[in-house]
Amino acid sequence: MAEVSGFLNINKPSGMTSHDVVAKLRRGLRIKKIGHAGTLDPMATGVLVICIGQATRLSEYVMQSVKCYRARIRLGIVTDTYDLTGAVLQEKEASHIQRSQVEQALSSYTGDINQIPPMYSAIKQGGRKLYELARAGQIVERAARAVHIESITAVEWALPEVTVDVVCSAGTYIRSLAYDIGEKLGVGAHLSALTRMSSGVFHVAEAISPDSVLLMEDWSTQLVMPSKALQDKPAISLNSEELEHIIHGRPITAHNRQSDLVFSYRFDGKLIAILQYDSGLWRPHKVFSDDSL
C-alpha cells in the first residue's frame, strides 16, 4: 500500500502550540511521519501547514512562501514577550494618537527592513533557544535579520487598538513589528491578537480544525498535493528517458534553466524530484518514490 503523503491546511486554534497540533494529529490519525511548515505562536490562530509522509521532505520549500497576517496591535502597553501573554513593562497614554500618525508609522516598515527578533523566540544563540534564556532572566544582544514586508495596511481603528493586514516574507516576526510600531509612535505597543490568513496557496477560508480532521471518515481527501502547494516554484516536466535517469540518481542536461533549484514532475503531475543546477546539468537533489507524491 502506498504511503499517504501531502499537506493539510489546518486552522490552528488559540492556546495550542504548533507542536501540540502535530502531536494531536499524529496520535489521532496514527501517522508516524508528520510535521509542520512554519511555526505559529500559541496565542495565534489561522493557517498551519501540516506535512504528511514524503511531504515532510518539502517543508522547507513550503515554509518559504509569502505570508499574510491579520494583527491586532494594542497601543500604550509594552510587554516582555511583545504580545498579550507577557508581563507588562511599560504603560503610556495613547488616546492622543491619530490614525494618520499610525499610517505614517506603518509606511516606514514596508520593503526590505532589518528586524531584531524578540527574546521570546525559538532562535538559538550559543546553543540555547532565546526564550530559554529569557525565562532564565537573561537578555542577550540579537542580530538583526533581513525580512521583506510587501504591504501593511490598517483595516480597523478602535483606540487603543488598531488592526492591520501584513503581507510579508517568511521569517517576519509580527510581534517585533508591533513593538517597533509602538516605539515609532512613542507610546509602546504589543500584539494582542494574530491570525495567519494565508501561507502561499493555503488560505484560512479553506482551512479545517484539527478536531474536524479527526472526525472525518476519509481525511486523506483533504490532502493538498505538491503540484498545488509548490505552484509558485520553478518547475519542469520530464520525459520518460529523463525520468529514468533521475530516479536512478543520474544527472540530465539542463534545458531552459529558470533557477538553480527546480521541481520536476511526471506527465501525470506527480512530483518526482528536486533538481540542483550544476555546470549545465540538473543533478538530483531529492528524489521521491514513484507512488509517494
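Structure: see above.
Figured I'd write up the structure that's included with this text. (Residues numbered from 1 in each chain as written. Predicted model: local features only at pLDDT ≥ 70, side-chain atom pairs only at ≥ 80, totals over all residues. Heavy atoms only, no water.)

**Regarding the state of the cysteines**
Tallied over the entire structure, the rule returns zero disulfides. Summary of cysteine pairing: cysteine 68 is not part of a disulfide, and the nearest cysteine sulfur, belonging to cysteine 168, is at 8.0 Å. Relative accessible area serves as the criterion here: at 17%, cysteine 68 is assigned to the buried category. Classification of cysteine 168 by relative accessible area gives buried; the value is 2%. (Disulfide = S-S within 2.5 Å. Buried < 20%, exposed > 50% of the residue type's maximum accessible area, 1.4 Å probe, protein only.)

**Here's the deal with helix H1 (residues 18–29)**
With 12 residues, H1 should reach 16 Å at 1.5 Å per residue; the first-to-last C-alpha distance of 16 Å fits that figure. For H1, the full list of buried residues reads Ser18, Val21, Val22, Ala23, Leu25 and Leu29. Packing partners of the buried residues in H1 comprise strand E1 (6–12), strand E2 (34–37), strand E3 (45–52) and helix H6 (210–215). Positioned one or two residues after H1, arginine 30 has a phi angle of 55 degrees, which is positive. (Helix = DSSP H or I, 4+ residues; strand = E, 2+ residues; numbered from the N terminus. Expected span 1.5 Å × (residues − 1). Contact = heavy atoms within 4.5 Å.)

**Focus: the packing of aromatic side chains**
Across all of its chains, the model carries four aromatic pairs by this definition. Ring centres 4.3 Å apart and planes at 10 degrees place the aromatic pair tyrosine 82 and tyrosine 179 in the stacked group. Here tyrosine 179 lies in helix H5 (residues 174–185) and tyrosine 82 lies in the loop between strand E5 (77–79) and strand E6 (88–91), a separation of 97 residues in the sequence. It is arginine 257 that lies over the ring of tyrosine 277; its NZ or CZ is 3.8 Å from the centre. (Phe/Tyr/Trp six-rings, centres within 6.5 Å; stacked < 30°, edge-to-face > 60°. Lys NZ or Arg CZ within 6 Å of the ring centre and 35° of its normal.)

**What about the pairing of strand E18 (residues 281–287)?**
Here strand E15 (residues 252–253) pairs with E18 via two bridges, running antiparallel. Directly across from threonine 253, in E18, lies its bridge partner leucine 281. Strand direction decides the pairing type here: strand E17 (residues 271–278) and E18, joined by six bridges, are antiparallel. Its bridge partner being in E18, leucine 275 is matched across the sheet by proline 284. (Pairing = 2+ DSSP bridges.)

**With respect to the environment of lysine 286**
Tracing the backbone through its elements, the reader meets lysine 286 in strand E18. Judged by its relative accessible area of 17%, lysine 286 is buried. For the pair lysine 286 and glutamine 276, spaced 10 residues apart in sequence, the C-alpha to C-alpha distance is 9.0 Å. Those residues in contact with lysine 286, other than ones at most four positions away along the chain, are Arg57, Glu60, Tyr61, Ile272, Ala273 and Ile274. In terms of polar contacts, lysine 286 uses its side chain to reach the side chain of glutamate 60, at 2.9 Å. (Polar contact = N/O pair within 3.5 Å; in protein donor to acceptor, adjacent residues only side chain to side chain.)

**Concerning unusual backbone geometry**
Between leucine 159 and the following residue, proline 160, the backbone shows a cis peptide bond with an omega angle of 10 degrees. In the Ramachandran plot, tyrosine 82 falls in the positive-phi region, its phi being about 70 degrees despite a non-glycine side chain. A relative accessible area of 13% places tyrosine 82 in the buried class. With phi around 50 degrees, serine 279 is a residue other than glycine that occupies positive phi space. Here serine 279 is to be found in the loop between E17 and E18. The exposed category is assigned to serine 279, whose relative accessible area is 68%.

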